[in-house]
Amino acid sequence: MKIIITSKLPSQITSKLEDKYDVVMWEVENEPMPREQLFKEIEDADGLFCNVADQVDKELLDRAQKLKVISTMAVGYDNIDIEEAKKREIPVGHTPGVLTEATADLTFALLLAAGRRISEGIDVIREDKWKNWAPFFLTGQQVHGATIGIIGMGRIGLAVAKRAKGFSMDILYHNRSRNREAEQELGATYCELDELLEKADFIVLLAPSTKETYQMIGAKQFSQMKETAIFINTSRGTNVDEEALYEALKNEEIYAAGLDVYNSEPISSSHPLHELSNVTLLPHIGSATIETRMEMGKLAAENLIHGLEGKLLIHQVK
Ligand SMILES: NC(=O)c1ccc[n+]([C@@H]2O[C@H](COP(=O)([O-])OP(=O)(O)OC[C@H]3O[C@@H](n4cnc5c(N)ncnc54)[C@H](O)[C@@H]3O)[C@@H](O)[C@H]2O)c1
Ligand SMILES: O=C(O)[C@H](O)CO
């Protein structure tokens, strides 16, 4: 059987696949397989090992004659047309859980960086603008003891809440359903979105990208936030109206933002958000530790093998 791996991966992940199948892997470091090549390769492929940089849409699936399984090396699968895959009875695998702690760490790093103006501090030294210690130079917002509002209290949301507890923060959350573990073990308080937006000092978005969450945070929601609020998004860029965020930051309706994800990725150095000093921008590296990416890759490989062997995947999208 033939499988396609759309990005270069280390042998610790690919060796088991290479033992069993004909593997076509894109060998260029840090770059996805070009779409034209993917169109060609998919025609006679039995398995597809992809990631968030690949659009697995109807146009691609229409070309697949014998595809038996799609396995993405990510928890989010909004880049895959699940309905089209279902119509063709192609199971889709993803990698929840193994990236929770790494992504929560990065989310908290962004929260600290945006609140304490860390990237501005780095720039001041790089640009030789640090003249002396001064009483209110680069003062930011206090993290310890502040109120965090988590939108999307799932696996990563809960792991962020645990970190927040260590900083003695009050925890508010909004979710589709109540999270008893967060409430009982961390003292988190459930509230409606409006209340969370009005009360929280740090607002952290961790809901998946769905029809319901599309641009769920826009001009109205930014206007509800405190002027001192800090907005963090490590979920998906499409959950936010990016132009409204730009306006809210520029007009100082909110204090700062920390982003790992964008409407369209990658963003270039000419993106308007770069004009602003009160935003910390990262290139979608939430889960990017060596250990976690290895775990994600190995789990995605196992999902693929299960699919090719006609078994239920370890983590199959429902
Ligand atoms: N930046 C990164 O590199 C990175 C890494 C991992 C995950 N992510 C993103 O984070 C998301 C969350 O991952 P997870 O493992 O915690 O998923 P999860 O499914 O465990 O948690 C998501 C939570 O969001 C809630 N939710 C769904 N729709 C909602 C809505 N309309 N309003 C409020 N809450 C809603 C769900 O009930 C669930 O509790 C992923 O879908 C992915 O998009 C990003
Ligand atoms: O959804 C995911 O898993 C991230 O975006 C990449 O780790």
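Note that the structure is predicted; figures quoted are calculated from it, not measured.

**Some points on the packing of aromatic side chains**
- Taken as a whole, this structure holds 3 aromatic pairs when the rule is applied.
- Relative to phenylalanine 167, the ring of phenylalanine 108 lies with its centre 4.8 Å away and its plane at 45°, an arrangement referred to as tilted. Of this pair, phenylalanine 108 sits in helix α5 (residues 100-115) while phenylalanine 167 sits in the loop between α7 (155-166) and β7 (170-174), and the two are 59 residues apart along the sequence.
- Judged by relative accessible area, phenylalanine 108 falls into the buried class, the value being 5%.
- Assessed through its relative accessible area of 30%, phenylalanine 167 is described here as partly exposed.
- Between tyrosine 173 and tyrosine 190, the aromatic rings sit 5.4 Å apart at their centres with planes inclined by 75°, giving edge-to-face as the arrangement. Within this pair, whereas tyrosine 173 is found in strand β7, its partner tyrosine 190 is found in strand β8 (residues 189-190), the two being separated by 17 residues in sequence.

**What about a nonpolar patch on the surface?**
- Judged by side-chain polarity, Ile125, Trp130 and Phe137 come together as a nonpolar surface patch covering roughly 340 Å² of accessible area.
- Structurally, the position occupied by isoleucine 125 is in helix α6 (residues 118-126).
- Residue isoleucine 125 is classed as exposed on the basis of its relative accessible area of 55%.

**Focus: the packing of α5 against α7**
- Where α5 contacts α7, the axes come no closer than 8 Å and their chain directions differ by 55°. Classified by the angle between their axes, α5 and α7 sit oblique to one another. Judged by the sense of rotation from one axis to the other, the crossing of α5 with α7 is right-handed. Between α5, through Thr100, Glu101, Thr103, Ala104, Asp105, Thr107 and Phe108, and α7, the contact on the second element is made entirely by Arg155, Ile156, Ala159, Val160, Arg163 and Ala164.
- Residues belonging to the contact of α5 with α7 are distributed by class as follows: 6 nonpolar, 3 polar and 4 charged.

Rules and cut-offs
- Residues numbered from 1 in each chain as written.
- Chains lettered and ligands numbered in written order.
- Predicted model: local features only at pLDDT ≥ 70, side-chain atom pairs only at ≥ 80, totals over all residues.
- Heavy atoms only, no water.
- Phe/Tyr/Trp six-rings, centres within 6.5 Å; stacked < 30°, edge-to-face > 60°.
- Helix = DSSP H or I, 4+ residues; strand = E, 2+ residues; numbered from the N terminus.
- Buried < 20%, exposed > 50% of the residue type's maximum accessible area, 1.4 Å probe, protein only.
- Patch = residues over 30% accessible without salt bridge, like charges linked within 9 Å, V, L, I, M, F, W, Y side chains within 5 Å.
- Areas by Shrake-Rupley, 256 points an atom, 1.4 Å probe, with all protein chains shown as cover.
- Salt bridge = Lys/Arg side-chain N within 4 Å of Asp/Glu carboxyl O.
- Axes fitted to C-alpha atoms, helices over the stretch in contact; angles between N-to-C directions.
- Parallel < 35°, antiparallel > 145°, perpendicular 65-115°, else oblique.
- Left-handed = near helix turned anticlockwise from the far one by under 90°.
- Contact = heavy atoms within 4.5 Å.
- Nonpolar A, V, L, I, M, F, W, Y, C, P; charged D, E, K, R; others polar.

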